[in-house]
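# A structural walkthrough
Letter by letter, the chains look like this.
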Amino acid sequence: MRHHHQYLMIPGPTPVPQTVALAGAAPMINHRGPEFGELLKEATRGLQEILKTRNTVLTFPAAGTGAMEAAAVNLTTPGERVLVGVAGEFGARFAEILRVGGADVAIVKSEPGYPVSPEAIRDALRKDRSITTVVITHNETSTGVTMDLAGIRAVIDREDVLLVVDAVSSAGAIDIETDGWGIDVLVTASQKALMCPPGLAFVTVSPKAWDRVEKTRARSVYFSFANARKFLEKPTPQTPYTPAVSLLFSLREAVRQILAEGLDAVFARHALLARATRAGMRALGLELLAADEWASNTVTAVKLPAGVDGHKLLEMLRDRYGVILAGGMGELAGKIFRIGHVGAVNWSDIVVTLSALQMALAGLGVKAAHGAAVAAAERVFSEQGWPL
Ligand SMILES: Cc1ncc(COP(=O)(O)O)c(C=O)c1O
C-alpha cells in the first residue's frame, strides 16, 4: 500500500508547507524591477528579524555549503590562521573548505556526541596569537549537538578576531542572538528551519566583518560579498546575478509564517518536540548520542541497538510506515540513526514517528510495551502544557 503521506523526518530538507510551495509557483517577474526589489527587501528584513541582527544579510542561490565557501573566500587570505571547532562532519567540512581556500587551519575537535567547549576554544586561542578567525558549527547535524555560542564569544578576548558561525541546521529553530552575541558572520540555508525548498543560502555580515572583507582580495566573482552588498543597497534592491526568484517568493511566505507564529513560540515548539523525541527513544531503551545538556532541538541522534542493522531499520520505516529518517554520517555511519524535527513539524509528526519506530524496532527484535514511546512523548506534551 502506498502511504498517503510521507513523514519527512530528516534534518533537512524539511517538509515545505503547501502555502510556501504554492507561493513559489507565482508567475515570473523581472529581477531588476520594483516588484523584485520589494520581494528581496521583505525577505531580507524578515531574515534579519529571525536572526536578531541589523547586519547585512546577503542571499545567494546555493546550498548551505556555498555560503560556507563564500565566507571562506571573502574573509580569509591564503596563509591566514583560522581556528575551526569540529564536533562532527559539518565542522570538518568547514575546515576543509577553508583549507582548500588556502587558510592555515587549526582544529579543536570534540568526541562524537560532545560539543566543542568555550574552554577548548579559549585554550587554542591562548596558545596561538596569530589566529584571526574562529569558525564554529552552531548545531552539528551529524551528531545532534548544539554548541554554546554565547560562551564561545565570551572567550574570544581579542577585538580583531572574527566569529564565523555555521547555523545551517539551527537558524530559525534555535534562538541565536546574532548581534547580542557578537556573531560577525552567520551562514544558513533555506531548506531546514526556514521551511523552504533547498536552493537559497544566506550570510550575515557585521561591520567588523566588512572591514575584513575590504582588506581581503575576494577570490570569487559569484560569491563576492562586496558586489552582493552593492546590488542589495541599490534604490531597487537586486542581486548581481540572476536570483532564484521562485525560491524567494517561497521564502517570503515562510518568513511571514515564522514571524506570525512568533519567534519565541517557534523556538519553544522545537525544544518541546526534541524533548518528546528523546523521551520516546529512552522509553524504548535506546541510548542517545548526546547528553540532554547539549542535545540539539532540531535533530536527535540515537545509537542503534546491538544487532539492529541501520539500513534495514530505515528501509522498514520508509516502506512500511512512510516515515523517513536519516542514518549516521562519516564515522557514525551504521552506528546511529537521526530523527529530524525541524521546520514545519508538529506534535503529531513526532507521535507518528515514535509509533513507527517502535513498531519497526519490534520487527527487528527490540521489543517494548505497546505504545511505550508514544506514551513517554505524551507525558512530555501534557507536562509542558501543549499546545504552548
Ligand atoms: C550544520 C550544517 N552545515 C552545513 C550544511 C550543508 O548544507 P547544504 O547541504 O545545503 O550544502 C548542513 C546540511 O545538512 C548542515 O546541517
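## Quick notes on the site of the ligand
- Around the ligand lies a shell of 14 residues, among which Gly-64, Thr-65, Thr-141, Asp-166 and Lys-192 are the nearest.
- Note that an oxygen atom of the ligand is positioned 2.4 Å from one of the side-chain N or O atoms of Thr-141.
- Summarising the interface, the protein chains cover 87% of the accessible area of the ligand, which totals 390 Å² for the free molecule.
- Residue assignment for the shell around the ligand shows that the elements contributing at least two residues are α3 (64–75) and α4 (89–100).
- The element that contributes the greatest number of residues to the shell around the ligand is α3, accounting for three residues.
- Classifying every residue of the shell around the ligand gives four nonpolar, seven polar and three charged.

## Some details on the packing of helix α2 (residues 34–50) against helix α9 (residues 245–261)
- One way to put it is that α2 packs onto α9 with a least axis distance of 9 Å and a crossing angle of 40 degrees. Judged on the interaxial angle alone, α9 and α2 are oblique. Seen along the crossing, α2 lies across α9 with a hand that is left-handed. Residues Phe-36, Leu-39, Leu-40, Glu-42, Ala-43, Gly-46, Leu-47, Glu-49 and Ile-50 of α2 lie in contact with α9, whose contacting residues are Val-245, Leu-248, Phe-249, Leu-251, Arg-252, Val-255, Arg-256, Ile-258 and Leu-259.

## Re α9
- Over its 17 residues, α9 runs 25 Å from end to end, which matches the ideal 24 Å to within 8%, given 1.5 Å per residue.
- Buried residues belonging to α9 abut α1 (18–23), α2, β2 (56–61), β10 (200–205) and α10 (263–283).
- Looking one or two residues past α9, Gly-262 carries a phi angle of roughly 100 degrees, positive in sign.

## Examining the side chain of His-138
- Inspection of the secondary structure puts His-138 in the loop between β5 (133–137) and β6 (139–140).
- Excluding its chain neighbours within four sequence positions, the residues that come into contact with His-138 are Val-145, Thr-146, Met-147, Leu-149, Val-165, Asp-166, Ala-167, Ser-170, Ile-174, Asp-175 and Ile-176.

## A few points about the domain arrangement of the protein
- Split by domain assignment, the protein resolves into domain 1 (7–13 + 262–383) and domain 2 (18–260).
- Taken over C-alpha atoms, the centre of domain 1 sits 28 Å from the centre of domain 2.
- With 27 residues of domain 1 at the contact, the number on the domain 2 side is 30 residues.
- Taken over both partners, the interface formed by domain 1 and domain 2 buries close to 2,200 Å², and the fraction arising from carbon and sulfur atoms is 65%.
- The largest share of the area that domain 1 buries against domain 2 comes from Leu-263, Phe-267 and Trp-294, three residues that together contribute 27% of it.
- Remark: the boundary between domain 1 and domain 2 carries 11 residue pairs in polar contact (both at pLDDT 80 or more).
- Listed by contribution, the elements that provide at least two residues to the side of domain 1 that touches domain 2 are α10, β11 (299–303) and β14 (336–340).
- If one sorts the elements of the side of domain 1 that touches domain 2 by residue count, α10 sits on top with four residues.
- The residue makeup of the side of domain 1 that touches domain 2, split by class, is 17 nonpolar, eight polar and two charged.

## Regarding the environment of Ala-344
- As for its position among the elements, Ala-344 is in the loop between β14 and α12 (347–363).
- Classification of Ala-344 as partly exposed rests on a relative accessible area of 29%.
- When the C-alpha positions of Ala-344 and Thr-76 are compared, they lie 36 Å apart, and in sequence the two are 268 residues distant.
- When residues no more than four places from it in sequence are discounted, the contact partners of Ala-344 are Pro-15, Pro-17, Met-195 and Asp-349.

## A look at helix α5 (residues 118–127)
- Taken as a whole, α5 has its buried residues at Pro-118, Ile-121, Ala-124 and Leu-125. One side of α5 carries all its buried residues, which in axial view fall inside an arc of 130 degrees. Across from the buried face of α5, at angles greater than 90 degrees, the exposed residues are Arg-126 and Lys-127.
- Tucked into the core, α5 has its buried residues touching β3 (81–86), β4 (104–109), β5 and α6 (149–155).

## Remarks on the packing of aromatic side chains
- This structure, assessed with the given rule, holds seven aromatic pairs.
- On the numbers, 5.3 Å between centres and 70 degrees between planes, the contact of Phe-60 with Phe-223 is edge-to-face. Of this pair, Phe-60 sits in strand β2 while Phe-223 sits in the loop between α7 (207–215) and α8 (225–232); the two residues are 163 residues apart in sequence, bridging distant segments of the chain. Summarising the burial analysis for this pair, Phe-60 and Phe-223 share the class buried.
- Plain terms: the ring middles of Trp-210 and Phe-225 are 6.4 Å apart, the flat faces sit at 70 degrees to each other, and that makes the pair edge-to-face. Remark: Phe-225 occurs in helix α8 and Trp-210 occurs in helix α7; sequence separation between them is 15 residues.

What counts, and at which threshold
Residues numbered from 1 in each chain as written. Predicted model: local features only at pLDDT ≥ 70, side-chain atom pairs only at ≥ 80, totals over all residues. Heavy atoms only, no water. Near = heavy atom within 4 Å. Polar contact = N/O pair within 3.5 Å; in protein donor to acceptor, adjacent residues only side chain to side chain. Areas by Shrake-Rupley, 256 points an atom, 1.4 Å probe, with all protein chains shown as cover. Helix = DSSP H or I, 4+ residues; strand = E, 2+ residues; numbered from the N terminus. Nonpolar A, V, L, I, M, F, W, Y, C, P; charged D, E, K, R; others polar. Axes fitted to C-alpha atoms, helices over the stretch in contact; angles between N-to-C directions. Parallel < 35°, antiparallel > 145°, perpendicular 65-115°, else oblique. Left-handed = near helix turned anticlockwise from the far one by under 90°. Contact = heavy atoms within 4.5 Å. Expected span 1.5 Å × (residues − 1). Domains from an automatic or database assignment. Buried area = accessible area lost by both parts, 1.4 Å probe. Buried < 20%, exposed > 50% of the residue type's maximum accessible area, 1.4 Å probe, protein only. Arc of directions from axis to C-beta. Phe/Tyr/Trp six-rings, centres within 6.5 Å; stacked < 30°, edge-to-face > 60°.

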